[in-house]
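# Summary of the model geometry
Now for the letters of each chain:
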Amino acid sequence: MTSQRLFAFIFSLVVATGCQRSGPAAKLPRAEARSNAPVVAAPAEQWASKSPREWPQLVLTNYAEFNGHTPLHGASAFLVKTQDGRTLAATARHLIGASGGVEPEIPVAGLDAAIRLWRMHPRTLPDQFILAEKVAAGGLAQETFDWLILSVKPSSESLPATPLHLRPQPVQIGDKVYLVGCPYVEEACKQNVYAGKVTAREGNLFRYDIDSPVDIRGFSGAPILDHNGHVAGVMTVWFEAKLQGEKFLEAGGEDAASVYQLVEGHR
């Protein structure tokens, strides 16, 4: 792909309606999954066997203000539950750069000092939010992952979304996955679920088809789930996806397995 076509593709993804300016990135990191700690998968979620229409709220959106940087407004996020019971927040790392409307870009190592306010809430329910505080898995600052994992400020209020367990093994070609998100064009959307099947892998990255074509602008940072309701990956795109008009027939993700031990091993 020529540099001109690549730039045009990236630009088409990061443009969104109104003040919501973030979208999927065309840049993905590459790193090897770690294997130096015990891996124990969580039990399947009870709601995962139900119709996606009956699933609890899982996906959130971002509103963040930073010291010395433009804000982040939009895209996607979700909550993570670790094996030892901690609740963390997850989104895509590229959103704290130009892809998320944040300028100048914030390095992960400098994010704690830059955060002034970071709210995550369901798209249509801004009053039901959690506050993200600081980078929770410090090892991510030294790696090139597209994951961003943040700690959550304790609150007596109920959580705005159900926390999800990370899947410790990468999904494989042929596995069914579920992308959870809200298109920017659907203003009343709280959560949609799009089924798909993994079609290719490259390092820690995978791509999958989408059963129903969808405009995925605003899906960066959304969870991709497996059949057990566990997070198989975070939504991000690094390739020129197949389209039907302006809607996407496929999308991409980065394995949860690539950061599993960094997240589960952090204290």
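Up top is the structure these notes are about.
Notes on the structure in this doc start here. (Residues numbered from 1 in each chain as written. Predicted model: local features only at pLDDT ≥ 70, side-chain atom pairs only at ≥ 80, totals over all residues. Heavy atoms only, no water.)

## Focus: the sheet that holds strand β5 (residues 130-135)
- In spatial order, the strands read β1-β2-β3-β6-β5-β4; together these six strands close into a barrel with antiparallel pairing. Looking at each pair of strands side by side, their axes are set apart by 40° on average, direction ignored. (Pairing = 2+ DSSP bridges. Helix = DSSP H or I, 4+ residues; strand = E, 2+ residues; numbered from the N terminus. Axes fitted to C-alpha atoms, helices over the stretch in contact; angles between N-to-C directions.)

## Comments concerning empty space enclosed by the protein
- Tallying each qualifying case throughout the model produces one cavity of 30 Å³ or more.
- Lining the largest cavity, in full, are Val59, Leu60, Thr61, His121, Pro122, Arg123, Gly181, Cys182 and Lys190.
- Partitioning the lining of the largest cavity into residue classes produces four nonpolar, three polar and two charged. (1 Å grid on protein atoms, 1.4 Å probe; cavity = no way out; pocket = protein on both sides within 12 Å on 5 of 7 lines; lining within 4 Å. Points joined across faces, edges and corners; volume = space filled by probe spheres on them. Nonpolar A, V, L, I, M, F, W, Y, C, P; charged D, E, K, R; others polar.)

## Remarks on the state of the cysteines
- Applying the stated criterion across every chain, the model contains one disulfide.
- Two residues, Cys182 and Cys189, share a disulfide whose sulfurs are 2.1 Å apart. Here Cys182 and Cys189 share a disulfide; its torsion about the S-S bond, -80°, makes the bridge left-handed. Cys189 shares its class with Cys182; the two are buried. (Disulfide = S-S within 2.5 Å. Buried < 20%, exposed > 50% of the residue type's maximum accessible area, 1.4 Å probe, protein only.)

## Description of the nonpolar core
- Counting 50 residues, the largest nonpolar core has Trp147, Ile149, Leu179, Tyr208, Ile216, Leu225 and Met235 as its most contacted members.
- In terms of residue count, strand β9 (residues 205-214) provides more of this core than any other element does, five residues in total.
- With 27 residues, the next largest nonpolar core counts Ala64, Leu72, Val108 and Ile115 among its residues. (Core = buried A, V, L, I, M, F, W, Y, C linked by side-chain atoms within 4.5 Å.)

## What about the packing of aromatic side chains?
- Overall, the coordinates contain seven aromatic pairs when judged by the stated rule.
- With a centroid separation of 5.6 Å and 70° between ring planes, the pair formed by Trp55 and Tyr178 is classed as edge-to-face. Taken as a pair, Trp55 in the loop between α1 (3-14) and β1 (59-66) and Tyr178 in strand β7 (residues 176-181) lie far apart in primary sequence, 123 residues in all. Considered together, Trp55 and Tyr178 belong to a single accessibility category, that of buried residues.
- Ring centres of Trp238 and Phe239 lie 4.8 Å apart, and the angle between their planes is 85°; this geometry places the pair in the edge-to-face category.
- Judged by relative accessible area, which is 7%, Phe239 ranks as buried.
- An aromatic cluster is defined as three or more aromatic residues linked by ring pairs; in this entry it consists of Trp47, Trp55 and Tyr178.
- Its guanidinium or amino end placed over the ring of Phe129, Arg119 lies 4.3 Å from that ring's centre, counting from NZ or CZ.
- A cation sits over an aromatic face here: Arg207 above Phe239, 3.8 Å from the ring centre. (Phe/Tyr/Trp six-rings, centres within 6.5 Å; stacked < 30°, edge-to-face > 60°. Lys NZ or Arg CZ within 6 Å of the ring centre and 35° of its normal.)

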